Amino acid sequence: KAGVTQTPRYLIKTRGQQVTLSCSPISGHRSVSWYQQTPGQGLQFLFEYFSETQRNKGNFPGRFSGRQFSNSRSEMNVSTLELGDSALYLCASSLSRGPGANVLTFGAGSRLTVL
Amino acid sequence: KNQVEQSPQSLIILEGKNCTLQCNYTVSPFSNLRWYKQDTGRGPVSLTIMTFSENTKSNGRYTATLDADTKQSSLHITASQLSDSASYICVVSLAGAGSYQLTFGKGTKLSVIP
């Protein structure tokens, strides 16, 4: 059974650019949630998608957005990159809605560096 | 404010020794508490999930305890191995509508040395 796949694993961007990260959940999992991890703040919830709809959103600016496709694959986009957006971006999938109520399986993450 | 505090921030132990990591939380109302292990450069992997009514749960050499009255949890690692070197993250879930709110601790970085 394949795990959660995130691409790309590593990327470098410059300030002002935008980036799109992809997450393929475990087959059969319908919920995908995204997290930002930095040394200073630790893990922080970005948003959750279930049935192609954003269900909940964390305390992040509108530059952070996402979407989910009919096959449950999800993408997140960060526009107008800032230096502070450098982080490990993790996605997690679960069978049903609500990361707090379900077992989460995390991907390996996408390491974004903004120069 | 809902918070999760972990201690110590970092810990170095000799291979074969036991250790205990601590997690204190103020999240209320509480749904469940999870411990994750995160190897460097990898995503977190679930070790245990405990609900309000559970006060201990084991996963191999890992044993988590929960005291919901004092809002404290601990993760005990027995007979440590080099592969236990990782960050251990305590995560508390807020009960309520949507069940989406997770509050993360900043983790304890464990180094097991030969």
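Above this text sits the structure in question.
Residues numbered from 1 in each chain as written. Chains lettered and ligands numbered in written order. Predicted model: local features only at pLDDT ≥ 70, side-chain atom pairs only at ≥ 80, totals over all residues. Heavy atoms only, no water.

1. Considerations on the packing of aromatic side chains
Here's step 1: Tallying each qualifying case throughout the model produces nine aromatic pairs over all chains.
Here's step 2: On the numbers, 5.6 Å between centres and 75° between planes, the contact of Phe-47 of chain A with Tyr-49 of chain A is edge-to-face. By the burial criterion, Phe-47 of chain A is buried, and Tyr-49 of chain A matches it.
Here's step 3: Seen from their ring centres, Phe-30 of chain B and Phe-52 of chain B are 6.5 Å apart, and the 55° between their planes marks the pair as tilted. (Phe/Tyr/Trp six-rings, centres within 6.5 Å; stacked < 30°, edge-to-face > 60°. Buried < 20%, exposed > 50% of the residue type's maximum accessible area, 1.4 Å probe, protein only.)

2. Observations concerning the sheet that holds strand E8 (residues 74–78) of chain A
Residues and elements named next belong to chain A.
Here's step 1: A sheet is described by the order of its strands in space; here four strands give the open sequence E1-E3-E8-E7, paired in antiparallel fashion. The sheet terminates laterally at strand E1 (5–7) and strand E7 (64–68), the two strands that pair on one side only. Going across the sheet, the axis of each strand differs from the next one's by a mean of 20°, ignoring polarity.
Here's step 2: Note: E1 against strand E3 (residues 19–24), three bridges, orientation antiparallel. Its bridge partner lying in E3, Thr-5 is registered against Ser-24. (Pairing = 2+ DSSP bridges. Helix = DSSP H or I, 4+ residues; strand = E, 2+ residues; numbered from the N terminus. Axes fitted to C-alpha atoms, helices over the stretch in contact; angles between N-to-C directions.)

3. Description of the sheet that holds strand E8 (residues 72–77) of chain B
Residues and elements named next belong to chain B.
Here's step 1: Overall, antiparallel pairing links the five strands, which are arranged E1-E3-E8-E7-E6 in an open sheet. At either margin of the open sheet sits one strand with a lone partner, and together these are strand E1 (4–7) and strand E6 (56–59). Adjacent strand axes in the sheet meet at a mean angle of 15° when their direction is disregarded.

4. Focus: the state of the cysteines
All names here are of chain A.
Here's step 1: Taken as a whole, this structure holds two disulfides over all chains when the rule is applied.
Here's step 2: The partner cysteine of Cys-23 in its disulfide is Cys-91, sulfur to sulfur 1.9 Å. Disulfide Cys-23-Cys-91: the torsion about the S-S bond is 70°, which places it as right-handed. Separated by 68 residues along the polypeptide, Cys-23 in strand E3 and Cys-91 in strand E9 (residues 87–94) bring together distant segments of the chain.
Here's step 3: The exposure class assigned to Cys-23 is buried, which follows from its relative accessible area of 0%. (Disulfide = S-S within 2.5 Å.)

5. Brief notes about the pairing of E7 of chain A
Residue and element names in this part refer to chain A.
Here's step 1: Strand direction decides the pairing type here: E7 and E8, joined by five bridges, are antiparallel. Residue pairing in the sheet places Gly-66 in a bridge with Met-76 of E8.
Here's step 2: In textbook terms, the turn of a hairpin is the stretch between consecutive antiparallel strands, and for E7 and E8 this stretch comprises five residues, one of which, Ser-72, has a positive phi near 80°.

6. What to know about the nonpolar core
Here's step 1: Core analysis: the largest hydrophobic core is formed by 25 residues, its most contacted members being Tyr-25, Leu-33, Trp-35, Leu-75, Tyr-88 and Val-92 of chain B.
Here's step 2: Of all the elements in the fold, those that place two or more residues in this core are strand E3 (19–25), strand E4 (30–38), strand E5 (45–51), strand E7 (62–67), E8, strand E9 (86–94) and strand E11 (108–113) of chain B.
Here's step 3: When residues of this core are assigned to their parent elements, the largest contribution, five residues, is made by E9 of chain B.
Here's step 4: Listed in part, the 21 residues of the second largest apolar core include Val-32, Met-76, Leu-81 and Val-114 of chain A. (Core = buried A, V, L, I, M, F, W, Y, C linked by side-chain atoms within 4.5 Å.)

7. So, the interface of chain B and chain A
Here's step 1: Opposite the 18 residues of chain B that make contact, chain A presents 21 residues.
Here's step 2: Between chain B and chain A lies a buried interface of about 1500 Å² when both sides are counted; carbon and sulfur atoms form 58% of it.
Here's step 3: Along the contact surface separating chain B from chain A lie zero salt bridges.
Here's step 4: Connecting chain B to chain A are eight residue pairs in polar contact (both at pLDDT 80 or more).
Here's step 5: Sort the elements by how many residues they give to the side of chain B that touches chain A and E4 of chain B lands first, with five residues.
Here's step 6: Across the side of chain B that touches chain A, the residue classes break down as seven nonpolar, eight polar and three charged. (Contact = heavy atoms within 4.5 Å. Buried area = accessible area lost by both parts, 1.4 Å probe. Salt bridge = Lys/Arg side-chain N within 4 Å of Asp/Glu carboxyl O. Polar contact = N/O pair within 3.5 Å; in protein donor to acceptor, adjacent residues only side chain to side chain. Nonpolar A, V, L, I, M, F, W, Y, C, P; charged D, E, K, R; others polar.)

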